[in-house]
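For reference, the chains in residue letters:
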Amino acid sequence: MTTATPSAPTNKLGFTKQDYVGSKSTLCAGCGHDAITAQIINAAFESNIEGHLVTKYSGIGCSSKTPAYFINQGWGFNSVHGRMPAIATGASLANRKLINIGVSGDGDSMSIGMGQFVHAVRRNIPMIYIIEDNGVYGLTKGQFSATADKGSFLKSGAKNDLPPVDPCTLAIELGCGFVARCFSGNPKQLNAILKAAFAYEGTVVLDIISPCVTFNNHDASTRSYKHVKDHDFPLHDLGFIQYSEVEEVDIAAGATEVVTFPDGSKVAIKAIHEGYDPTDRFGAMKAIHESMAKGEFLTGLLYINPTQPPLPQVLNLVDEPLATLPEALVKPGPAVLEEIMQALM
Amino acid sequence: MTASLAAPSTPLGAKTRINDFSIQVATVNGSGSQTANTVLLRAIFQMGVFVSGKNLFPSNIAGLPTWFTIRASAKGYVARKASNEMLILMNAETAKEDIAKADAGALVIYDEPLQLDKLRADLSYIPVPFQKLVTASCPEPKLHKLVKNMIYVGVAARLLSVDMEEVKKAITKQLKGKAKAIEINQAAAVAGYDWAMENLEDQDHIKVVRDNKTNGLIIVDGNEACALGALFAGVTVVGWYPITPASSLVETFIEYAEEYRKDPATGKSTVAIVQMEDELASAGVVLAAGWAGARSMTSTAGPGVSLMSEFIGLGYYVEAPGVFFNVARTGPSTGLPTRTQQSDVELCAKCSHGDTQHINLYPGNMEECFQFAYDAFDLAERFQTPIFVVTDLDLGMQNWSSKPFAYPSKPYDRGKVLNQQQLAEAKDWGRYKDVDGDGICYRSLPGTAGGKGSYFTRGSGHNAYAQYSEKPEDYVEVVDRLRRKYETAKTHVPTPVFRNLGSVKGVLAFGSSDPAVIEAQDILAEEGLKTDYLRLRALPFTAEVDAFVEEKQVVYVVEQNRDGQMANLFRETYPQHATKFKSVLHYNGHAIDAKCIVDQITAFEQK
């Protein structure tokens, strides 16, 4: 099954990391998005993800190009601007075995696609919803997005006078059971969170601050590498333990909390930010708001509630993919039509 | 005034319109009048007489005027008739205007306190003390408003000589299972009937005489017929958003799915139905589900299609299947949400920006609503594209009598899908490669194991291998093939239906115009103008349509919109015959009637 050299390490499915890569990135050199792509590849490899079950959805924008750059064994769907959530919803209902990854940007999800984001989260679609957040429209050459901080500047010198939308507090408000913020420049944290995300059943919202090296990496930007690095406050060290890998436990030393998923997987949390409890919804909201007021980015697992049923379960769908149900199971027989016709006479 | 009325045996005058009349009932919406009107319609239907009903209702929940027209026709004409022989006026607000518009000689049943009988001398007035009768027949005051309408059903039944047993049966049917409601409503209808018996002279203006024309027929609306088609087509994903007049399509489907789409082994559902946040999201769900291999659908109306157009273009270009029911209403913009029109013809033919062409199905009756809904899923998967099934409010929400639907025994056509083994054996597979020369490519479904067949779907430029490309030759190859695919559809879509009286003059119509066109054709023939009628049932135009256009000296294109949209499509498709197409139009929101067609064709002929 492997395509790389025999010496390359394989995961439990016998795949090498090379089996999780995609096409070559065409983004700018140094783009934060490429660092995220690299961690998706690592996390999928380490989590023993079946590549052929992976579906990758996106809208329009630089971030939305990235599904082409990872897991070539999976199926990609680069749709229209801001409408990725509807695509993920339809496909995930058609086949509940699929492992759904949506990659979007701050413009795609918080401006044009705000409505679809909100409702996908409300419905708890089974998907990892990644927002590659750089506060700027890169592909149209540098206009503000709705996550741009008030008072921040464009490269051109234009100032943003409007308040930002925060995807994380919004997602928590909407009832999302897995909300995290990461920084593309912190691969270790991102890797742990992505692995936990793969094990989670419902909607995972990951807001990943990902600086745009071309249009938003200047000194007056609040989304530059330097600014984010200086203002990144990791909440905790995370360790993720997949259910099937209990023997490889890697609980961070001094873990203060362990969250268990329905499949038995565990997230071990070692708090850095004193008193932060990611299972406390209101506490999380308060802490995030306080940090934002100070101009900080709290990063890590902001909120987790692993017990919420995803949409296919809410709809009480059959276990098998709807897409391939046999005709005999979905087409009522002649007696049913006869019964219906009698009732209409 | 009192006369003894031995109803069925009353001698009828030479001028009596037997089983051939229209009744218009004017009420206030939200007053239960829809139930009463359906009961009257059903009772006449049970008398074996062809009958059709048109509900002209406001975009409102309660308190605004609504009119319901019931037409009986021995000849089987079911289009709206422009003139009415009986009026039942229950709405004080519109009564004077209704009287002013009434056809001379009409019978006018009205609520006594309205005192309408001095308004015009050329009408026959029948004042009825509704309040008194409802108070006497119904013990519960809070139900009086709802039951009052059932009194006029009894009065009308008496005057028309409709058997009271049929009225009772119709009430039982209409209020299925609700014993108390049945009892109260039957009592009210009987009270009206008995009062009429004692207090009214018989009339020989219009009568119902028992016939056998409706034996074995059903009464159904087009939305229910489409819902049933989808049920039997095995739809597995439904994304929708409420909109008049399309909501009842999915709502009826939901009711049937509750009963017939559970896995018997587990009780779990074999269909996912999600009410989305808007029509755009609904369209995304439908196309993505189709892309992932499900049979998927939505139902909407014009404003919804406008919103969906962004996704429809994506579906066309990435070649994702999905069924889109458009139950058209009167546009533009919000327009008249509760009135009918065929004004989305061009929208559905070419929905979305760029060069797009869509397969459209135009059912013209209830059996076709059922059958085309079923077939649409086959076509969507065969052609890997969005399919529009275009009906309208008239077909979708009005009551129509129909033959029972035949069981669609043809197995599903799931189209060109490669499974794991076929993908393993395929040499140089490309998602958008035209292997068979019909423009239709082979696809794979997400989740297929084996490491072959994965590809990247994109609404941006792509080549035959689904790779991103901006090369002119790659772009042209794909869009030219899409055009070829559309050509292939010409041999797969429903062919037209003809009603030829032997003429070089053609009439062309589609959808809900059919009954009015048939009636108009007969009237014109009586007046000496024979026509050949082609009823179009799909886009693209098939070879039969080509031949008809070629043969005829003139083609009257009958349609329910202002701009002659279908005629425009014909002029564009057949530029060499462009001058043959003459538009016969009806677009005021009411269902089309035969008279307007006769008048316009006659005017053209006299030029």
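In this text the structure is predicted, and so the values were computed from the model without any measurement.

So, about the overall build of chain A. The secondary structure content of chain A amounts to 12 helices and 13 strands. Over its C-alpha atoms chain A spans a radius of gyration of 21 Å, differing by no more than 12% from the 20 Å that the globule rule assigns to 345 residues. Dimensions of chain A, computed from C-alpha atoms along their principal axes, come out at roughly 75 × 50 × 45 Å. Here chain A holds 345 residues, and 59% of them are scored as buried. Taking as baseline every contact in chain A between residues at least 6 positions apart, the subset at least 24 positions apart corresponds to 69%. Here chain A has roughly 13,200 Å² of accessible surface; of this, 56% comes from carbon and sulfur atoms. Across chain A, the mean location of the 26 positive side-chain charges is 6 Å away from that of the 34 negative side-chain charges.

Turning to unusual backbone geometry, a few remarks are in order. Following Thr244(B), the chain continues to Pro245(B) via a peptide bond in cis, the omega torsion being 0°. Assignment of secondary structure puts Pro245(B) in the loop between strand S10 (237–240) and helix H8 (247–260). Of note, the bond from Gly331(B) into Pro332(B) is cis; its omega dihedral lies within 30 degrees of zero at -5°. Topologically, Pro332(B) is positioned in the loop between strand S13 (322–328) and helix H11 (345–349). Located in the positive-phi region is Ile71(A), a residue other than glycine, with phi close to 45°. Structurally, Ile71(A) is set in the loop between helix H2 (62–65) and strand S2 (75–78). Given the relative accessible area of 0%, Ile71(A) is considered buried. Backbone geometry places Asn19(B), a non-glycine residue, at a positive phi of 50°.

On to the pattern of salt bridges. All names here are of chain B. Tallied over the full model, the rule gives 51 salt bridges over all chains. When the shortest N-O distance is used, the salt bridge between Arg210 and Glu166 registers 3.0 Å. Linking Arg210 in the loop between strand S8 (206–207) and strand S9 (218–220) with Glu166 in helix H5 (residues 164–174), this pair joins segments that are 44 residues apart in sequence. In this structure, the salt-bridge partner of Arg414 is Glu381, at a minimum N-O distance of 2.6 Å. Highlighted residues: Arg414 in the loop between strand S16 (400–402) and helix H14 (420–425) and Glu381 in helix H12 (residues 366–383), separated in sequence by 33 residues. Classification of Arg414 by relative accessible area gives partly exposed; the value is 28%. What emerges from the salt-bridge pattern is a single network uniting Arg295, Asp375, Asp378, Glu381, Lys410 and Arg414.

The next thing to look at is the interface of chain B and chain A. Between chain B and chain A, the contact holds 73 residues from the first and 56 residues from the second. Carbon and sulfur atoms make up 67% of the surface buried where chain B meets chain A, a total of about 5,000 Å² over both sides. Viewed at the interface, chain A and chain B are joined by three salt bridges. In this structure, the salt-bridge partner of Asp319(A) is Lys268(B), at a minimum N-O distance of 2.9 Å. Those elements that provide at least two residues to the side of chain B that touches chain A are S9, helix H7 (222–232), H8, strand S11 (272–275), helix H9 (279–291), helix H10 (302–318), H12 and strand S17 (456–458) of chain B. Top element by residues in the side of chain B that touches chain A is H9(B). It accounts for seven residues. Grouping the amino acids of the side of chain B that touches chain A by side-chain chemistry returns 41 nonpolar, 19 polar and 13 charged.

Residue and element names in this part refer to chain A. The strand order across the open sheet formed by three strands is S10-S12-S11, and the pairing between neighbours is antiparallel. At either margin of the open sheet sits one strand with a lone partner, and together these are strand S10 (236–241) and strand S11 (257–260). In this sheet, neighbouring strand axes are inclined to one another by 20° on average, regardless of whether the strands run parallel or antiparallel. Each of S10 and strand S12 (266–271) touches helix H7 (residues 187–199); the most contacted strand, S10, lies at about 40° to it.

Our next topic: the packing of helix H1 (residues 32–46) of chain A against H7(A). All names here are of chain A. The interhelical angle for the contact between H1 and H7, taken along N-to-C directions, is 50°, at an axis separation of 9 Å. In terms of axis orientation, H1 runs oblique to H7. Crossing handedness for the pair H1 and H7: right-handed. In this structure, H1 uses Ile36, Gln39, Ile40, Asn42, Ala43, Ala44 and Glu46 to contact H7, whose residues at the interface are Pro187, Leu190, Asn191, Leu194, Lys195 and Phe198.

Quick look at the domain arrangement of chain B now. All names here are of chain B. The domains assigned to chain B are domain 1 (7–215), domain 2 (220–402), domain 3 (416–494) and domain 4 (497–606). Between domain 3 and domain 4, the C-alpha centre-to-centre distance is 39 Å. Facing five residues of domain 3, the contacting portion of domain 4 comprises six residues. Here domain 3 and domain 4 share an interface that buries about 530 Å² over both sides, 71% of which is from carbon and sulfur atoms. Per-residue buried area on domain 3 facing domain 4 is highest for Tyr486, Lys490 and Pro494; these three make up 78% of the total on that side. The interface formed by domain 3 and domain 4 includes zero salt bridges.

The rules behind each value
Residues numbered from 1 in each chain as written. Chains lettered and ligands numbered in written order. Predicted model: local features only at pLDDT ≥ 70, side-chain atom pairs only at ≥ 80, totals over all residues. Heavy atoms only, no water. Helix = DSSP H or I, 4+ residues; strand = E, 2+ residues; numbered from the N terminus. Rg over C-alpha atoms; globule rule 2.2 N^0.38 Å. Buried < 20%, exposed > 50% of the residue type's maximum accessible area, 1.4 Å probe, protein only. Contact = heavy atoms within 4.5 Å. Areas by Shrake-Rupley, 256 points an atom, 1.4 Å probe, with all protein chains shown as cover. Lys, Arg positive; Asp, Glu negative; His and termini not counted. Charge placed at Lys NZ, Arg CZ, Asp CG, Glu CD. Salt bridge = Lys/Arg side-chain N within 4 Å of Asp/Glu carboxyl O. Buried area = accessible area lost by both parts, 1.4 Å probe. Nonpolar A, V, L, I, M, F, W, Y, C, P; charged D, E, K, R; others polar. Pairing = 2+ DSSP bridges. Axes fitted to C-alpha atoms, helices over the stretch in contact; angles between N-to-C directions. Parallel < 35°, antiparallel > 145°, perpendicular 65-115°, else oblique. Left-handed = near helix turned anticlockwise from the far one by under 90°. Domains from an automatic or database assignment.

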